[in-house]
Number of protein chains: 2
Amino acid sequence: MKINFRHEIDGEKIITAIAQDYKTNEILMVANMNKLALEKTLKTKKVHYWSTSRKKQWLKGESSGHIQKVKYIYVDCDMDAVIIKVEQSGVACHEGYKTCFFRKINLNNNINIEDLKEEDIEIVDERLVNPDDIY
Amino acid sequence: MKINFRHEIDGEKIITAIAQDYKTNEILMVANMNKLALEKTLKTKKVHYWSTSRKKQWLKGESSGHIQKVKYIYVDCDMDAVIIKVEQSGVACHEGYKTCFFRKINLNNNINIEDLKEEDIEIVDERLVNPDDIY
């Protein structure tokens, strides 16, 4: 049995990695890991991802200090996605929110996903940190 | 502002979609959505995904009957991932577990992710349904 890096994005074989608060079960972020990122995560117990935009591996929190300490790791039926239950230092989102999922889509509207209006989206979380203070 | 289908897998532009139990916050599964799958999900309030292996759009539960009813949708800072809070009929996993993440990785071992041994993985959930009964 092995972790299945079966999906390829821009030539890099990856799995999906979801970071979830180990106490509250709040989903903090989702990103990708290549083999090296998962190995470093297992070795250091600090979450590392593969950045598809910068095309490099990164330690979450390397510039902000907001690292994610690994508590538990779960793998799915297809072995191509993991949940990392973490203890989050500071905030997960680079915009200063605890979670990257701070926006809710308003399902009552007949929305166009390629042209979202102000009334289609609601910010449902509180900004805890000024991004200018951490980057 | 728009949903950003910036990642491409096998030529299909996708976002990551996490299904989370709307009551317990348990993560049920993670998969991909292309534009059509997200639009159908919004329109029907039943979760549709893009299957990267079968290269087709699918209604979750179309063969098993175990559909996911949309309660809330959240979108992340980069607008390239969504959480769908759902009411799950039956079980989410095709192997008969409530969640696809029914296996925990044992962090105490010095594991090789390309050759996982029996002692590296623990099944931490209960099989609720016999897969032969639903497919």
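Residues numbered from 1 in each chain as written. Chains lettered and ligands numbered in written order. Predicted model: local features only at pLDDT ≥ 70, side-chain atom pairs only at ≥ 80, totals over all residues. Heavy atoms only, no water.

## Here's the deal with the overall build of chain A
Then, number 1: The secondary structure content of chain A amounts to two helices and nine strands.
Then, number 2: Reading chain A from its N end, one meets helices and strands in the order β-β-β-α-β-β-β-β-β-β-α.
Then, number 3: In terms of its C-alpha atoms, chain A occupies a principal-axis envelope of roughly 45 × 35 × 30 Å.
Then, number 4: In chain A, which comprises 135 residues, the proportion classed as buried is 53%.
Then, number 5: For chain A, contacts bridging at least 24 residues in sequence account for 42% of all contacts bridging at least 6. (Helix = DSSP H or I, 4+ residues; strand = E, 2+ residues; numbered from the N terminus. Buried < 20%, exposed > 50% of the residue type's maximum accessible area, 1.4 Å probe, protein only. Contact = heavy atoms within 4.5 Å.)

## Overview of the interface of chain B and chain A
Then, number 1: Each partner contributes residues to the interface: chain B has 53 residues there, and chain A has 53 residues.
Then, number 2: Taken over both partners, the interface formed by chain B and chain A buries close to 4800 Å², and the fraction arising from carbon and sulfur atoms is 69%.
Then, number 3: Taken together, the links from chain B to chain A amount to two salt bridges.
Then, number 4: The interface formed by chain B and chain A holds 16 residue pairs in polar contact (both at pLDDT 80 or more) in total.
Then, number 5: Tallying contributions element by element places strand β6 (residues 68-75) of chain B first for the side of chain B that touches chain A, with six residues.
Then, number 6: By the bridge criterion, three bridges tie strand β8 (residues 103-105) of chain A to β6 of chain B in an arrangement that is antiparallel. Bridging from a neighbouring strand, I105 of chain A pairs with I73 of chain B of β6 of chain B. (Buried area = accessible area lost by both parts, 1.4 Å probe. Salt bridge = Lys/Arg side-chain N within 4 Å of Asp/Glu carboxyl O. Polar contact = N/O pair within 3.5 Å; in protein donor to acceptor, adjacent residues only side chain to side chain. Pairing = 2+ DSSP bridges.)

## Focus on the nonpolar core
Then, number 1: Among the nonpolar cores identified, the biggest contains 82 residues, and I3 and M33 of chain A together with I3 and M33 of chain B are the most heavily contacted of them.
Then, number 2: Filtering out sequence-adjacent residues up to four positions away, I3 of chain B remains in contact with I105, I113 and L116 of chain A together with I15, L38, V75 and M79 of chain B. (Core = buried A, V, L, I, M, F, W, Y, C linked by side-chain atoms within 4.5 Å.)

## Quick look at the relation of the copies chain B and chain A
Then, number 1: Superposing chain B onto chain A takes a rotation of 180 degrees plus a shift of 0.0 Å along the axis, which leaves an RMSD of 0.0 Å. This pairing of chains is accounted for by a two-fold axis.
Then, number 2: Looking at the interface residues of chain B, 100% of them are also at the interface in chain A, so both copies use one shared face. (Least-squares fit on C-alpha atoms with pLDDT ≥ 70 in both.)

## Focus on the packing of aromatic side chains
All names here are of chain B.
Then, number 1: With the rule as written, the count across this model stands at four aromatic pairs over all chains.
Then, number 2: A ring pair is formed by Y97 and F102, whose centres lie 3.8 Å apart and whose planes are at 10 degrees; its orientation type is stacked. Take Y97 and F102: they sit in the same class, and that class is buried.
Then, number 3: We note R54 situated over the ring of W58; from NZ or CZ to the ring centre the distance is 5.3 Å. (Phe/Tyr/Trp six-rings, centres within 6.5 Å; stacked < 30°, edge-to-face > 60°. Lys NZ or Arg CZ within 6 Å of the ring centre and 35° of its normal.)

## Focus: the pairing of strand β3 (residues 27-33) of chain A
Residues and elements named next belong to chain A.
Then, number 1: Most of β3 is tucked away: seven of the seven residues are buried.
Then, number 2: In this structure, strand β2 (residues 12-21) lies alongside β3, joined through six bridges in antiparallel fashion. Residue T16 lies in a different strand from β3, and its bridge partner there is N32.
Then, number 3: Hairpin connection, β2 to β3: the antiparallel pair is bridged by five residues, and N25 has positive phi, about 70 degrees.

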